Amino acid sequence: MLQNLLQSCEFNNTDHRTNLNGIDRLIVRRGQPFSISLYLRSGSYQPGVSSLDCVAETGPQPSEQYGTRASFGLSASIDTSRWSAAVASPPGDMVALLICSAPDAPIGRYTLTLGHSARIEFILLFNPWCPGDAVYMDNEQNLAEYVLAQDGIIFRGAYKHPIPTPWNFGQFESGILDVCLKILDMNPKYLRNPGKDCSGRRNPIYVSRVLSAMVNCNDDKGVLWGKWSGGYEGGVSPMLWRGSVEILRNWDTQACQPVRYGQCWVFAAVACSISRALGIPCRVVTNYLSAHDTNSNLVIERYVNENGEPIQSKEMIWNYHCWVENWMTRPDLKPDFHGWQAYDPTPQEKSEGVFCCGPIPVRAIKEGELTFKYDAPFVFAEVNADVITFIKKKDGSTSKVSSNALVGQKISTKSVGSDAREDITHLYKYPEGSAEEREAFKKADHQNKLLQQQQDQGLHLNIKVTSDMRKGCDFDVFAVVTNNTQSEKKCRLLFGSCALSYNGFMGGNCGFKDLLNVELSPGGERKVPLRLNYSKYGGQVTEDNLIRLAALLLDYTTGDTTLAVRNIVLDNPEIKVRVSSKICDKIQTSGILGEPKENRKLNCCFSIEGANLTGGGIITERLGSPVGPGEDAKVKIYFTPTHSGLRKLVVDFDSNKLCHVKGYRNVIIGK
């Protein structure tokens, strides 16, 4: 019979780095031995004489053919390359038994049968600490960041103004691992053929592809319902989520009905939480100016009207787009494509009939290997697509417009061990104009990029901004026209602005100017201001705080048209979080918000969430009185941490009128 099972769970879970999931049940990682103690009711264990039959099974239809059932006996020593068992104690009626799973065993819930009577249930996870596991990562600092860290930073905003957003991944919060395993069990492949699906769970490529489909709900009982326009009635605005825990728990408790609503960074963050919970190293990546190519020709065709206003189309450039990278080997591809694999749970285009994307080696994107699995052309276009802009005239005719559109800028992720932004663009792209870049484009048959020549325009058009673009304030933006020719120029300049959502959808007008006679001497420059008044843009901008600026220049002499576009992000007030007192079992915090921007008092509330601090829940406190211009907003919240160590408080300030802004503060919880 089994002895001291709880003590065994505590020892094994700590040894396998799963103790943050709890120590009341056995959770181990594959390819690494764990120990259990057996009390023999009759006789004693004798080496070379005693035997023990062991059977490990997972899934509803365990089969040795599928690798979901393993039978093995006692060996002289543990063999970490396969299922094995060995005795680690001297002869006697108490036996310390070592069990080791194969490093490529399917992950999931297991039943281990020992002899005729003893049965143990445990959960088996991927093991990035095991050299034989496909997700092996040999850097302890990276493992601490990409597997064990329960909080992080997701970058949003704009490529010229990245904004860090704190996120509570919470993969070790109570019940989250069970929800993640349930997500695997609800995927259509499991429902069609559970035996084959459970067998596929040995492969992180397969699991990542399943997660890519299951985090969205477009084809199945997935986790999140995506919504990018209109209101968020019947759900929660994507802007208001602070972490993955509440989303995953809501999906679980609501009979696997999709949680409303998500957008790209929410999809990516939830996928990251699940990957880390299952033991796959994972990180969230942000691609600024991310192209959405719908026909796989690696070209984005954009249209504007005669006022320079964009005409909405399916192909667009998102202000930013988030996906995730999982770390693993790719034995299905030729060598040297192991490591980070991009996959995207945001439902954009179908892959093999399902809304999913990836995984595809990041290096395959850099090298232009578009035949590699999975979905290489779509991801390649996100960071490398060519952009061609046309002006559509009232008579229906179109003409090409000179434009300086960029794609795939400042690809970003959180740095290891700090909240700083790490630029990983070089992992996806060679430097622009380099011989390596041209070779990658040739391999990808990206002829548009190869043939595109940036000629020195006779007239140069640029948009410049100031540093004080704050929500609630009036400010100027500028269209700058330069005449690089030897002759005088007379032009028409249309300079407009409109609200913009992060995925490229345009909203209402925020300001417009039409100058019929802009005269420029040879080598001359003209700086044209456009005033953006809060009274006009305040009711148009979305929670993304984005405004699209577009300047269209018509040369009366040549008939040439030049377009300049720039997206700006408005700053919200900065929130500062201060820990005012700290005790071993309680923490008192106060948040201070500076510079309210409206000349009226606002009703405000603070919400706080933190891994192993708030039990996966959210603590909300509404301020007793409204906050006026220049006043500080303060709140004190008490909570009880469940583990010692470094923790990140994710704090929200929400005025429900002017802005919604996240802040964060790292704190150290003592034992």
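Residues numbered from 1 in each chain as written. Predicted model: local features only at pLDDT ≥ 70, side-chain atom pairs only at ≥ 80, totals over all residues. Heavy atoms only, no water.

J.: Kindly report on the pattern of salt bridges, identifying the contributing residues and their values.
T.: The final tally for this structure, using the stated rule, is 24 salt bridges. Residue Glu57 is joined to Arg69 by a salt bridge in which the shortest nitrogen-to-oxygen separation is 2.9 Å. Taken together, the residues span a long stretch of sequence, with Glu57 in strand 4 (residues 54–58) and Arg69 in strand 5 (residues 69–72) at a distance of 12 residues. Ionic pairing is found between Glu352 and Arg209, a salt bridge with its closest N-O pair at 3.3 Å. Remark: Arg209 occurs in helix 6 (residues 204–214) and Glu352 occurs in the loop between strand 20 (350–351) and strand 21 (354–355); sequence separation between them is 143 residues. Using a relative accessible area of 63% as the deciding quantity, one classes Glu352 as exposed. On the accessibility criterion, Arg209 (6% relative accessible area) is buried. Each member of the salt-bridge network shares a partner with another, and the members are Arg25, Arg109 and Asp178. (Salt bridge = Lys/Arg side-chain N within 4 Å of Asp/Glu carboxyl O. Helix = DSSP H or I, 4+ residues; strand = E, 2+ residues; numbered from the N terminus. Buried < 20%, exposed > 50% of the residue type's maximum accessible area, 1.4 Å probe, protein only.)

J.: Summarise the nonpolar core; cite the residues concerned and give the values.
T.: Trp265 and Leu278 are the most contacted members of the largest nonpolar core, which totals 65 residues. For this core, the secondary-structure elements that each account for two or more residues are strand 10 (118–125), strand 11 (151–158), helix 3 (176–185), helix 6, helix 7 (245–253), helix 8 (264–278), strand 15 (282–292) and strand 18 (316–328). Tallying contributions element by element places helix 8 first for this core, with 12 residues. One finds Val285, Leu289, Leu333 and Ala364 within the second-largest nonpolar core, a separate group that totals 37 residues. (Core = buried A, V, L, I, M, F, W, Y, C linked by side-chain atoms within 4.5 Å.)

J.: Let's hear about the UniProt feature "binding site: Ca(2+)" (unreviewed entry) in the protein chain: which residues, and what values?
T.: Taking the UniProt record as the reference, the feature "binding site: Ca(2+)" (unreviewed entry) is found at Asn384, Asp386, Glu432 and Glu437. What stands out for the annotated residues spanning 54 residues is how close their C-alpha atoms remain, the widest pair being 13.7 Å apart. Within the element layout of this structure, Glu432 appears in the loop between helix 11 (425–428) and helix 12 (435–443). Under the relative-accessibility criterion, Glu432 is labelled exposed at 58%. Excluding residues that lie within four positions of it along the chain, Glu432 makes contacts with Gln409 and Glu437. (UniProt positions renumbered as here; feature names shortened; annotations may be inferred. Contact = heavy atoms within 4.5 Å.)

J.: So, the packing of aromatic side chains: which residues are in play, and what are the values?
T.: Scanning the entire structure with this criterion turns up 19 aromatic pairs. Aromatic side chains Tyr110 and Phe122 sit 5.3 Å apart centroid to centroid with 10° between the ring planes, which places their arrangement in the stacked category. With Tyr110 in strand 9 (residues 108–114) and Phe122 in strand 10, this residue pair connects regions lying 12 residues apart in the sequence. Using a relative accessible area of 3% as the deciding quantity, one classes Phe122 as buried. Between Phe475 and Tyr537 the ring centres are 5.9 Å apart and the planes differ by 55°, which places this aromatic pair in the tilted class. Taken together, the positions of Phe475 in strand 28 (residues 475–483) and Tyr537 in helix 14 (residues 534–537) put the pair 62 residues apart, joining distant regions of the chain. By the burial criterion, Phe475 is buried, and Tyr537 matches it. The ring of Tyr261 is capped by Lys227, whose NZ or CZ atom sits 5.8 Å from the centre of that ring. We note Arg363 situated over the ring of Phe337; from NZ or CZ to the ring centre the distance is 5.5 Å. (Phe/Tyr/Trp six-rings, centres within 6.5 Å; stacked < 30°, edge-to-face > 60°. Lys NZ or Arg CZ within 6 Å of the ring centre and 35° of its normal.)

J.: So what about the side chain of Thr58? Which residues, and what values?
T.: Along the chain, the position of Thr58 falls in strand 4. The class for Thr58 is buried, based on a relative accessible area of 5%. In this structure Thr58 touches Thr68, Pro106, Gly108, Arg109 and Tyr110, once residues within four positions along its chain are discounted.

J.: Give a description of the sheet that holds strand 28 that names residues and reports values.
T.: Two orientations exist for strands paired in a sheet by backbone hydrogen bonds: parallel and antiparallel. Taken in spatial order, the three strands of this open sheet run 27-28-31, and their pairing is antiparallel. One side of each edge strand has no neighbouring strand; the edge strands of this open sheet are strand 27 (459–465) and strand 31 (525–532). Strand-to-strand twist in this sheet, taken as the mean axis angle between neighbours without regard to direction, amounts to 20°. The sheet contact formed by strand 27 and strand 28 spans seven bridges and is antiparallel. Within strand 28, the position partnered with Asn462 by the bridge is Val480. (Pairing = 2+ DSSP bridges. Axes fitted to C-alpha atoms, helices over the stretch in contact; angles between N-to-C directions.)

J.: I'd like to hear about the environment of Val55, residue by residue, with values.
T.: The topology assignment puts Val55 in strand 4. Sequence separation of Val55 and Gly73 is 18 residues, and the distance between their C-alpha atoms is 8.6 Å. Those residues in contact with Val55 that lie beyond four places of it in its chain are Arg69, Ala70, Ser71, Thr111, Leu112 and Thr113.

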